[in-house]
Amino acid sequence: VAVYIDDITIDAGEQKEIPILMNNPGDQFTGLQLDLYLPKGLTVATDEFGDIMLNVGSRTNYKRHTVASAMQADGALRIVAYSNNNSLFTGESGDILLLGIKATSDFVGGDVTLKKIILSRPDNTGFDAKDYTAKASTSTGILSVDADNEESSTFFDLSGRKLNGNTLNRRGVVLQRNNNN
């Protein structure tokens, strides 16, 4: 059984929704609690009322599960999803929660960690899942390459030296700068 998030690519000023996933083949759960730690420059997104943007995922709905969250003294966001009528999360893999995050102007990347993951079974017994760490990073900034536009481009090797001649027949990595931009 694993509760996890995929690695995240997000740029400064960008906001996106990330799924919190659970893989639980052969086991059933009715609730979960975890602490989420974000790196510097990555924050939890809020709506126009200042509420954390946290929603149920595809494996449940608001009739079956309630979600809540609260900031902890150590900087973690504690997230809880529970069922008043002992409803199961459906299926054995996929998103159980959706969380909005936002990158501030000083975001450069780091670890996103899920800790203290506790799952509850229908018989009210608990299961402690392993902590999980994913990487959050900014995009590379590499744009698409237009090989048909060689005449209006300048080419460089990885040392920054300008290359002359036909670059389409060269081996290795070549950087292309469009002279029109």
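For the structure, check the block above.
Position labels on residues start from 1 in each chain and follow its written sequence. Selection of residues for local features in this predicted model requires a pLDDT of at least 70, selection of side-chain atom pairs for listing and counting requires 80 or more, and totals for whole chains, interfaces and linings are taken over all residues. Side-chain figures throughout are based on the complete set of non-hydrogen atoms in the structure, without hydrogens or water.

Trainee: Whenever I open this one, the packing of aromatic side chains confuses me. Can you help?
Mentor: Each aromatic ring pair is characterised by the separation of its centres together with the angle its planes make. For Phe, Tyr and Trp, rings pair up if their centres lie within 6.5 Å, where Trp contributes its six-membered ring, and each pair is then called stacked (planes under 30 degrees apart), edge-to-face (over 60) or tilted (otherwise). Applying the stated criterion across every chain yields a total of 2 aromatic pairs. A centroid spacing of 5.8 Å and a plane angle of 55 degrees characterise the contact between Y4 and Y132, whose relative ring orientation is tilted. Here Y4, found in strand β1 (residues 2–4), pairs with Y132, found in strand β12 (residues 132–137); they are 128 residues apart in sequence, far enough to count as distant. Residue class for Y4 comes out partly exposed when judged on its relative accessible area of 22%. Ring geometry for F29 versus F127: centroids 6.0 Å apart, planes at 50 degrees, classification tilted. Residue F29 is found in the loop between β3 (15–23) and β4 (31–37), and its partner F127 is found in strand β11 (residues 126–128); the two are separated by 98 residues along the sequence. The class for F29 is buried, based on a relative accessible area of 1%. Under the relative-accessibility criterion, F127 is labelled partly exposed at 24%. As a reminder, the over-ring test applies to NZ of lysine and CZ of arginine, requiring each to be within 6 Å of the ring centre and within 35 degrees of the ring normal. We note K115 situated over the ring of Y37; from NZ or CZ to the ring centre the distance is 5.2 Å. Helix numbering and strand numbering both begin at the N terminus, where a helix is a DSSP run of H or I of at least 4 residues and a strand a DSSP run of E of at least 2. Note on exposure labels: buried denotes an accessible area under 20% of the residue type's maximum, exposed denotes more than 50%, and partly exposed covers the range between, all computed with a 1.4 Å probe on protein chains only.

Trainee: I'm lost on the pattern of salt bridges in this one. Help?
Mentor: In a structure, side chains of opposite charge can pair up when their charged atoms sit close to one another. A side-chain nitrogen of Lys or Arg and a carboxyl oxygen of Asp or Glu constitute a salt bridge if their distance falls within 4 Å. Counting across every chain of the model gives 6 salt bridges. Salt-bridge contacts for D35 lead to R78; the nearest nitrogen and oxygen are separated by 2.6 Å. Note that D35 is positioned in strand β4 and R78 in strand β8 (residues 77–82), a separation of 43 residues in sequence. For D35, a relative accessible area of 1% gives the class buried. Exposure remark for R78: the relative accessible area of 23% places this residue in the partly exposed category. Residue K116 pairs with D35 through a salt bridge whose shortest N-O separation is 3.8 Å. Here K116, found in strand β10 (residues 110–120), pairs with D35, found in strand β4; they are 81 residues apart in sequence, far enough to count as distant. Among the ionic contacts, a cluster of salt bridges with common partners joins D35, R78 and K116.

Trainee: Before we go on, may I ask you to explain the environment of D35 in this structure?
Mentor: For D35 and I118, which are 83 residues apart along the polypeptide, the C-alpha to C-alpha distance reads 9.7 Å. A contact between two residues is defined here by any heavy atoms of the two lying within 4.5 Å. Residues contacting D35, with those up to four places away along its chain left out, are A76, L77, R78, T113, L114, K115 and K116. Under this definition, polar contacts are N or O atom pairs within 3.5 Å; protein pairs additionally need one hydrogen-donor-capable and one acceptor-capable atom, and for neighbouring residues in sequence, both atoms have to be side-chain atoms. For D35, the side chain forms a polar contact with the side chain of R78, separated by 2.6 Å.

Trainee: Where do I start with the pairing of β4 in this structure?
Mentor: Look at any regular strand and the pattern is simple: side chains alternate between the two faces of the sheet. Within β4, 6 of the 7 residues are buried, which leaves it mostly tucked inside the rest of the structure. Relative to β10, β4 runs antiparallel, the two being bridged by 6 bridges. Bridged to D35 within β10 is K115. Should DSSP find at least two bridges between two strands, the strands are regarded as paired. Here β4 pairs with β8 via 5 bridges, running antiparallel. Along β8, the bridge assignment pairs L34 with I79.

Trainee: Hey, could you run me through the side chain of S83 in this one?
Mentor: Tracing the chain through its elements places S83 in the loop between β8 and β9 (93–103). In contact with S83, not counting residues within four places along its chain, are T30, R64 and H65.

Trainee: I keep staring at the nonpolar core and nothing clicks. Help me out?
Mentor: In a soluble, globular protein the nonpolar side chains are often hidden away together inside. By nonpolar core we mean a set of buried residues, namely Ala, Val, Leu, Ile, Met, Phe, Trp, Tyr and Cys, connected to one another through side-chain atoms within 4.5 Å. By size, the foremost hydrophobic cluster in this structure holds 33 residues, and its most contacted members are V3, L32, L34, I79, L97 and L99. Mapped onto this core, the elements with two or more residues apiece are β3, β4, β5 (42–44), β6 (54–56), β8, β9, β10 and β12. The biggest single contributor to this core is β9, with 5 residues. If we ignore the near neighbours within four places in the chain, the residues touching L99 are K16, E17, I18, L36, V44, I52, M53, L54, L77 and I79.

Trainee: When you look at the pairing of β10 in this model, what are you seeing that I'm missing?
Mentor: Inspection of the sheet shows β10 paired to β12 by 5 bridges, in the antiparallel sense. Directly across from V112, in β12, lies its bridge partner A134. Pairing geometry for β10 and β11, over 3 bridges, is antiparallel. Along β11, the bridge assignment pairs L119 with F127. The antiparallel hairpin formed by β10 and β11 contains 5 residues in its connecting segment, where N124 sits at a positive phi of about 70 degrees.

Remember that the coordinates give geometry; whether it matters functionally is a separate question.
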